[in-house]
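Fold and contact review
Okay, here's what each chain looks like letter by letter:
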Amino acid sequence: MPVTCNSKERTLQANLIGEVDHHGAKEIMRELEQQIDRILPRELILNCSGVTFMDSSGIAVLLRTRQRMESCGGTLRVLDVPAQASKVLRAANLQKIISFE
Amino acid sequence: MPTVTHTNEVTISFLSRSANEGFARTAVACFAAQLDPTLDEIGDVKTAVSEAVTNAIVHGYPNELGKITLRVRLLPDRTLEITVRDWGVGIPDVDKARTPLYTTGNEERSGMGFTIMESFMDHLKVRSKEGKGTTLVMRKRFSPRAGAAM
């Protein structure tokens, strides 16, 4: 499973694992959206420490997830983005709209 | 016979299935290992190959499976050249396709593929003809390394 989730008091913790590319992006989006719709979290903390590769599909995943969180009044925090993935996200200037560390 | 100016070359041919995106970028990374690249350089090349092959799969063959070839060459001066070719529907307007955020793809596309290829590689050229297919050539020069083969 490319995403594992657990939630506590309307905080959703999700771990993104493995390679985030076009091949896997749909499943990741679907899983995150299902979890968001089920829990309606105030905050989604997306831990990316397990990501071994990311291309521009990851940008789409984060943008859509953020959109989903905003539509239910919550926020998205992205943690532990590895260097390669961070470079991809920064190439799209994503740090200006999504806080990632 | 023309003189061969590159020092090594490999060509891989595969079907436009998304499962091959990971295979393609890993194959290029393995071939590029002979340059003793930095982790950063390998990351850049893998990302660019992933974008190029995904474009061929998503936009070259939107409605059918087709053939994609990936050629990787080692040029003098520690330069890696990657050519991704498809015989699909082609890109009507290449300049428009290269515009950041422009996409005709689905929800999982961001329109940033070309921007990433341009910023991660040193050189990018796209030739396309509607109904005939698309050829994308990109190059990256690797930093000098002590003890590297070339």
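The shown structure was predicted, so the numbers you read here are calculated from the model rather than taken from an experiment. (Residues numbered from 1 in each chain as written. Chains lettered and ligands numbered in written order. Predicted model: local features only at pLDDT ≥ 70, side-chain atom pairs only at ≥ 80, totals over all residues. Heavy atoms only, no water.)

Some words on the overall build of chain B
The secondary structure content of chain B amounts to four helices and five strands. Written out in order from the N terminus, the α and β elements of chain B read β-α-α-β-β-α-α-β-β. A compact globule built from 150 residues would reach a C-alpha radius of gyration of about 15 Å, and chain B, at 15 Å, matches this within 12%. Seen through its principal axes, chain B has C-alpha atoms that stretch 45 × 35 × 30 Å. Residue pairs in contact within chain B that sit at least 24 positions apart in sequence constitute 67% of those at least 6 positions apart. Accessible area of chain B: about 7,400 Å², with a carbon and sulfur share of 51%. Averaged over its 19 positive side-chain charges, chain B has a centre that lies 6 Å from the centre of its 18 negative ones. (Helix = DSSP H or I, 4+ residues; strand = E, 2+ residues; numbered from the N terminus. Rg over C-alpha atoms; globule rule 2.2 N^0.38 Å. Contact = heavy atoms within 4.5 Å. Areas by Shrake-Rupley, 256 points an atom, 1.4 Å probe, with all protein chains shown as cover. Lys, Arg positive; Asp, Glu negative; His and termini not counted. Charge placed at Lys NZ, Arg CZ, Asp CG, Glu CD.)

Focus: helix α4 (residues 113-120) of chain B
Among the eight residues that make up α4 of chain B, six are buried, leaving the element largely enclosed by the rest of the structure. Looking at α4 of chain B, one finds that the buried residues are G113, F114, T115, I116, M117 and F120 of chain B. In this structure, the buried side of α4 of chain B is in contact with α2 (56-71) and α3 (83-91) of chain A together with α2 (39-60), α3 (94-97), β4 (123-129) and β5 (133-141) of chain B. (Buried < 20%, exposed > 50% of the residue type's maximum accessible area, 1.4 Å probe, protein only.)

What to know about the confidence of the model for chain B
Predicted confidence across chain B gives a mean pLDDT of 92, with 95% of residues reaching 70 or more. Across the whole predicted complex the pTM is 0.92, and at the interface the ipTM reaches 0.91. (pLDDT = per-residue confidence, 0-100.)

Quick notes on the sheet that holds β5 of chain B
Residue and element names in this part refer to chain B. On the basis of which strands lie adjacent, the open sheet formed by five strands has the order β1-β2-β3-β5-β4 and antiparallel pairing. Edge positions in the sheet fall to β1 (8-15) and β4, since each has one partner strand and no second. Averaged over neighbouring strand pairs, the angle between their axes works out to 10° when direction is ignored. Looking at chain direction, strand β2 (residues 67-75) and strand β3 (residues 79-86) are connected through eight bridges and run antiparallel. Residue T69 lies in a different strand from β3, and its bridge partner there is R85. Contacts between helix α1 (residues 20-32) and the sheet are confined to β1, β2 and β3, with β1 contributing the most and set at about 170° to the helix. (Pairing = 2+ DSSP bridges. Axes fitted to C-alpha atoms, helices over the stretch in contact; angles between N-to-C directions.)

Describing the pairing of β2 of chain B
Residue and element names in this part refer to chain B. With respect to burial, β2 is a largely interior element, seven of its nine residues being buried. The pairing of β1 with β2 spans eight bridges and is antiparallel. Paired with F14 across the two strands is I68, which belongs to β2. Between β2 and β3, which pair antiparallel and follow one another directly, the connecting turn spans three residues, one of which, D77, has a positive phi of 70°.

Observations regarding the environment of C5 of chain A
All names here are of chain A. For C5, the position within the fold is in strand β1 (residues 3-8). Using a relative accessible area of 25% as the deciding quantity, one classes C5 as partly exposed. For the pair C5 and K26, spaced 21 residues apart in sequence, the C-alpha to C-alpha distance is 17 Å. Residues contacting C5, with those up to four places away along its chain left out, are L12, Q13, A14 and Q35.

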